[in-house]
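If you want the building blocks of each chain, they are given just below.
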Amino acid sequence: MRLKTSLQKDKHKELVCCVGWTTADELYSCSDDHQIFKWNLLNNETTLVVQLQDDIYPIDLHWFPKTVGGKKQSLAEIFVLTSSDGKFHLASKTGRIEKSVEAHRGAVLAGRWNYDGTSLITAGEDGQIKIWSKSGMLRSTLAQQGSPVYSVAWGPDSDRILYTSGKQLIIKPLQPSSKALQWKAHDGIVLKVDWNSVNDLILSGGEDCKYKVWDSYGRQLYSSALHDYPITSVAWAPDGEVFAMGSFNTLRLCDKTGWSYALEKPNTGSIFSLAWSADGTQLAGACGNGHVIFAHVVEQRWAWKSFEITLTKRRSMQVRNVTNDAVDVLEFRDPIIKASLSHSHLVVTTSLQCYVYSVKNWNTPLIFDLKEGTVSLILQAERHFLLVDGAGIYVFSYEGRLVSSPKVPGMRTDILNAQAISLSNDTVAIRGKTDEKVIFLFDALTGKPLADGKPLTHKLEVMEIALDQCGVAADRKIALIDKNRDLYLTSVRRFSREPIISKIGTMVHTMAWNDSANILCAIQDSQFTVWYYPNAVFVDQELLPKTLFSKDASEFSRTPQILNYVGTLVTIRRADGSLVYSSVSPYPAMLHEHTGASRWNDALRLCRFAKDQTLWASLAAMAMASKELTAAEVAYAAIGEVDKVQYINYIKELPSKESSLAHILLFSGHVQEAETMLLQAGLIYQAIQIHINLYNWDRALELAVKHKTHVDTVLAHRQKYLQDFSKKETNKRFLQYSEGVEVDWEKIQAKVEMELAKERERAAGRTLPPPPFVEPVLFQPSALWALFTRPTLWGQL
Amino acid sequence: MDRDPLAEAGLHFDELNKLRVLDPEVRQKTTELREECKDFVDKIVQFQKIVGGLIEHVDQLAKEAETEKMKAIGARNLLKSVAKQREAQQQQLQALIAEKKMQLERYRIEYEALSKVEAEQNEFIDQFILQK
């Protein structure tokens, strides 16, 4: 990726101090020669808008925000112009100064509208920061300090501001009582700051010839190498993916993590101010020698499987198939704003249209018109894709049909980033903005909220979310990373039950789901970890660590980012910008495929072939999840979980379907569900018995008393338990009920036998012919040992 | 000698016997003087002309010397600034080279990672074939 710059022959007579875009093709620039120029990029015309009075030396310019919450402003377009005489001016598009307000003593160094255009902030040489209403009435003086404030920026929600104070940066909330955050940012005076609302990151450039990236807590994420000259300007691209930085004869394009994509050395003098157009396609810089430099991004690359796509010009792309070196050129009518390549489709948006290409056919794209121009994010799933613009979120099918448009009330959609929204074939998940603990879930096909509109709520702020991509909708899972960098997994469709949010990892920096199987990979502390079957946490929690594949991640250096996980290849971006790849064994994906299609024999054969414990563990969990006991038994035996094998054998011997289902639930630790299942089937004794087995005495007694049966059974077992541990009965309820109840073991045995016989009878009555009564086989460890030592026996299972 | 009464009266005859008021001798001398004066004036004029030309030439030379001098100074300054310019250019090129080097390093790491993946995949294939 690099910048293609151009300098036009028109220029100001003096240095240019500020620039501002009105549309994607029209720019206003102000200069010390008191002139305001309008640059039209469509016809390359430069016109003088207005000649200011000789005593107005402009310093900063900022256009009134154009769209507010997706609605176009009806207000006439105005901009604020600050000047060295301590005034700011509100001027119209024609350059007529509507209002001049005496604001500061000394020069007004910066003036910025907030995102919804309700207030304006100005910073002056006198060290004051003042907030003004839209019409230019003073609301308050927010801060005061002894040194000039060179630059100021609004926080993402317009509720905080960031400003410079000598070498320091200060974040100050607008609420008067709340505390400001202050830290030393540079070794020289900080000259420019910018704060992006999409990624919530802060940029600063200073006289120490460095630029730095910070998060909104003031932690340094990146510090650049020393430049030859002070950094005079920094600017985030609107989508927060890249930023530009200007210095003397220098223009640099950098990734949001700080590393530099490209460096240009144009003949411009110092670049005093940089501005991106609203759609992020154009960049303009105010040059010290009177020029205005224009730049746009080219050579951006997208890769998916064997296809590599390069943005060659603003309106054209080159597609290269690396397997056969076939090259296609795609031409567009308007400049390309966003593109995404994944799941066999390329989606490209321009200012007016959306093009959908299939990788099989580059000649005939599907084209449809876009309502709102600037798409800020494209997400793809296998069956459809999602576009985000300032007005909303839209799910389209690859045939170009609008499938749905999920709506989150009161959310600014244009600041959504890929971490805060996720798409799968049937679900859209969006993290809340005002409350970051909340995740809104929608059906992708209807756009209606899932679970009666009750969003998923986590106990901490959620940083990143990702939906798994395969399998049926009912099994859809969402992985989330919270503020503590813990990784959690939970079910999306939870049928009125309280969601179980299970922790599956800690210190997770970044994660990604596989595109063709529900395998999750992440970088955990210094380990690269793959969850072959994350769902195992809901089936058999103890098994989860055994289904993990991990390897050392030190080769990815500090804070890498997983870009995607396609097939068996994980693409990771290191902090220095280089792409590294890591391959994952193809077996788990094959295992998923087999088990997904219920080909358990194939799955077993695959595991035997691969001879991998992790794979066996995954298979065990998968089989248990599908209640496929035979396969589960073999798999558990293979990983040496003797107790589990025994339990599975026990489940297999259970007389009725209900009890075995209940015990499978119990196997996964879902006691509540198991009990409900048994009670619904009228198997009261069995329900009581599971609580007895779990030493869940209170509940066992409660059930027995409630259903007026087997109270003596519970008491007898309790007694035995107390005896075994030589304890005294202290539980009041047991004391109460044990009075007047005679414990007769023989009677109890008989009763239990009767219950079991009854259950068998019932099961027999329902299924014809009745299953033969199987003598309970005691588990023999020697038989298991034989399985390990003599692989030929495998087939007999 | 006897006095010529005419001469007494201030009258003289010249060779052409024309009556003259002035003594022919004097007259001749006067004429001679006039001629000489005329000569002298002519010479002076000529001298002035020559000197003027000379001055003009010298002036011109001075002017030329002056411009040459300015040129030389300019050239010298230019030379100095070229050195500076080169330095700046060099600095710019160095920055660009550093940038390219960084990009190269990134590509190298990417290539290494890919080679590793290739090796892993080959190993996997070998293993797969062996096991079959």
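The structure presented is a predicted model; accordingly, all values stated were derived computationally and were not measured. (Residues numbered from 1 in each chain as written. Chains lettered and ligands numbered in written order. Predicted model: local features only at pLDDT ≥ 70, side-chain atom pairs only at ≥ 80, totals over all residues. Heavy atoms only, no water.)

This next bit is on the overall build of chain B. Scanning chain B from terminus to terminus reveals two helices and two strands. Listing every helix and strand of chain B by position from the N terminus yields α-β-β-α. Seen along its three principal axes, the alpha-carbon backbone of chain B occupies a region of about 170 × 25 × 15 Å. Considering chain B as a whole, with its 132 residues, one finds that 8% of them fall into the buried category. Counting only carbon and sulfur atoms, one obtains 61% of the accessible surface of chain B, whose full area is about 12000 Å². (Helix = DSSP H or I, 4+ residues; strand = E, 2+ residues; numbered from the N terminus. Buried < 20%, exposed > 50% of the residue type's maximum accessible area, 1.4 Å probe, protein only. Areas by Shrake-Rupley, 256 points an atom, 1.4 Å probe, with all protein chains shown as cover.)

Regarding its fold elements, chain A presents 14 helices and 57 strands. Per-residue burial over chain A gives 56% buried out of 797 residues. When contacts within chain A are restricted to residue pairs at least 6 apart in sequence, those whose partners lie at least 24 apart make up 44%. Accessible surface for chain A amounts to roughly 34700 Å². Of this, 51% is attributable to carbon and sulfur atoms. The distance from the centre of the 87 positive side-chain charges to the centre of the 87 negative ones in chain A is 1 Å. (Contact = heavy atoms within 4.5 Å. Lys, Arg positive; Asp, Glu negative; His and termini not counted. Charge placed at Lys NZ, Arg CZ, Asp CG, Glu CD.)

Annotation from UniProt places "coiled-coil region" (unreviewed entry) at residues 79–117 of chain B. Between the C-alpha atoms that bound residues 79–117 of chain B there is a distance of 55 Å. The span itself is 100% helix and 0% strand. (UniProt positions renumbered as here; feature names shortened; annotations may be inferred.)

This part covers the pattern of salt bridges. All names here are of chain A. Following the criterion strictly, the structure yields 39 salt bridges over all chains and no others. Among the salt bridges present, the one from Asp486 reaches Lys503, with a minimum N-O distance of 3.5 Å. On the criterion of sequence distance, the pair formed by Asp486 in the loop between strand E48 (477–482) and strand E49 (487–491) and Lys503 in strand E50 (residues 502–505) is long-range, its members being 17 residues apart. Linking Glu755 and Lys758 is a salt bridge whose minimum nitrogen-to-oxygen distance equals 4.0 Å. One end of the pair, Glu755, and the other, Lys758, are both in helix H13 (residues 745–766), three residues apart, so they sit about a helical turn from each other. (Salt bridge = Lys/Arg side-chain N within 4 Å of Asp/Glu carboxyl O.)

Residues and elements named next belong to chain A. It is at 11 Å that the axes of helix H9 (residues 684–693) and helix H11 (residues 711–724) come closest, and there the two elements cross at 15 degrees. In terms of axis orientation, H9 runs roughly parallel to H11. In the packing of H9 onto H11, the handedness of the crossing is right-handed. Between H9 and H11, the residues in contact are Tyr685, Ile688, Gln689 and Ile692 and Thr713, Val714 and His717, respectively. (Axes fitted to C-alpha atoms, helices over the stretch in contact; angles between N-to-C directions. Parallel < 35°, antiparallel > 145°, perpendicular 65-115°, else oblique. Left-handed = near helix turned anticlockwise from the far one by under 90°.)

Residue and element names in this part refer to chain A. For Lys305, which is not glycine, the phi torsion reads 50 degrees and is therefore positive. Classification of Lys305 as exposed rests on a relative accessible area of 59%. Positive phi, normally seen in glycine, also occurs at Lys708, with a value near 50 degrees. When you line up the elements, Lys708 lands in the loop between helix H10 (697–706) and H11.

The geometry of a pair of packed helices is captured by two quantities: the angle between their axes and the separation between those axes. Residue and element names in this part refer to chain A. Relative to each other, H10 and H11 sit at 160 degrees, their axes nearing to 8 Å. Judged by the inter-axis angle, H10 sits roughly antiparallel to H11. The interaxial crossing formed by H10 with H11 has left-handed handedness. Of the residues in H11, those in contact with Trp697, Ala700, Leu701, Ala704 and Val705 of H10 are Val711, Val714, Leu715, His717, Arg718 and Tyr721. Its residues placed into classes, the contact of H10 with H11 shows nine nonpolar, one polar and one charged. (Nonpolar A, V, L, I, M, F, W, Y, C, P; charged D, E, K, R; others polar.)

Now for the sheet that holds strand E4 (residues 35–40) of chain A. Residues and elements named next belong to chain A. Within the open sheet, the four strands sit side by side as E2-E3-E4-E5. Their pairing is antiparallel. The open sheet has two edge strands with one neighbour each: strand E2 (16–23) and strand E5 (45–51). Across the sheet, the axes of successive neighbouring strands diverge by a mean angle of 25 degrees, strand direction being ignored. With five bridges joining them, strand E3 (residues 26–31) and E4 adopt antiparallel strand pairing. Bridge pairing in E4 places Glu26 opposite Asn40. (Pairing = 2+ DSSP bridges.)

Right, let's talk about the pairing of strand E13 (residues 119–124) of chain A for a bit. All names here are of chain A. Within E13, six of the six residues are buried, which leaves it mostly tucked inside the rest of the structure. The side-chain alternation of E13 yields two buried faces, one formed by Ser119, Ile121 and Ala123 and the other by Leu120, Thr122 and Gly124. Where strand E12 (residues 108–113) meets E13, five bridges bridge the pair, whose relative direction is antiparallel. When the sheet's bridge partners are listed, Trp113 is paired in E13 with Leu120. In this antiparallel pair of consecutive strands, E12 and E13, the connection spans five residues, and Gly117 shows a positive phi of 75 degrees. Examined bridge by bridge, E13 and strand E14 (residues 128–133) share five bridges and lie antiparallel to one another. When the sheet's bridge partners are listed, Thr122 is paired in E14 with Lys130. Connecting E13 to the next strand, E14, in antiparallel fashion are three residues, including Gly127 with a positive phi near 85 degrees.

Moving on: the sheet that holds strand E16 (residues 152–154) of chain A. All names here are of chain A. The four strands are arranged E16-E17-E18-E19 in an open sheet whose pairing can be described as antiparallel. Of all strands in the sheet, those bounded by a partner on one side alone are E16 and strand E19 (181–184). The sheet shows a mean angle of 15 degrees between the axes of neighbouring strands, direction not considered. Where E16 lies against strand E17 (residues 160–165), three bridges are found, and the strand directions are antiparallel. By the bridge assignment, Trp154 is partnered in E17 with Ile161.

With that settled, consider the interface of chain B and chain A. Each side of the interface is counted separately: chain B has 21 residues, and chain A has 28 residues. Buried surface at the junction of chain B and chain A, both sides included, amounts to about 1900 Å², of which 55% is carbon and sulfur. In terms of surface lost to chain A, no three residues of chain B exceed Gln92, Glu99 and Arg106 of chain B, which account for 26% of the buried area on that side. The tally of links from chain B across to chain A stands at two salt bridges. Arg252 of chain A serves as the salt-bridge partner of Glu99 of chain B, at 2.7 Å between the closest nitrogen and oxygen. Taken together, chain B and chain A are joined by seven residue pairs in polar contact (both at pLDDT 80 or more). (Buried area = accessible area lost by both parts, 1.4 Å probe. Polar contact = N/O pair within 3.5 Å; in protein donor to acceptor, adjacent residues only side chain to side chain.)

Residues and elements named next belong to chain B. Among the surface-exposed residues, Glu32, Glu36, Asp39 and Asp42 lie close enough to one another that they form a single negatively charged patch. Checked against the element boundaries, Asp39 lands in helix H2 (residues 24–131). Classification of Asp39 as partly exposed rests on a relative accessible area of 45%. (Patch = residues over 30% accessible without salt bridge, like charges linked within 9 Å, V, L, I, M, F, W, Y side chains within 5 Å.)

All names here are of chain B. A cluster of nonpolar side chains, Phe40, Val41, Ile44 and Val45, forms an exposed patch at the surface whose accessible area comes to about 370 Å². Within the element layout of this structure, Ile44 appears in helix H2. With relative accessibility at 40%, the residue Ile44 sits in the partly exposed group.

Below, the discussion takes up the state of the cysteines. Summed over all chains, the structure comprises zero disulfides over all chains. Of all cysteine sulfurs in the structure, the one in Cys521 of chain A sits closest to Cys470 of chain A, which takes part in no disulfide; the separation is 13 Å. (Disulfide = S-S within 2.5 Å.)

So, on to the environment of Ala632 of chain A. Residues and elements named next belong to chain A. Tracing the backbone shows Ala632 in helix H5 (residues 629–638). The sequence separation of Ala632 and Trp616 amounts to 16 residues, and the corresponding C-alpha distance is 9.3 Å. With residues up to four places along the chain from it excluded, the contact list for Ala632 reads Ala620, Ala623, Met624 and Ile648.

Let us now look at helix H8 (residues 671–680) of chain A. All names here are of chain A. Among the residues of H8, those classed as buried are Ala674, Glu675 and Leu678. Taken down its axis, H8 places every buried residue within 95 degrees of arc, on the same side. H8 presents Gln672 and Gln680 as exposed residues on the side facing more than 90 degrees away from its buried surface. Looking at the buried side of H8, the elements it contacts are helix H7 (657–667), H9 and H10. Backbone geometry just downstream of H8 places Gly682 in the positive-phi region, at approximately 80 degrees. (Arc of directions from axis to C-beta.)

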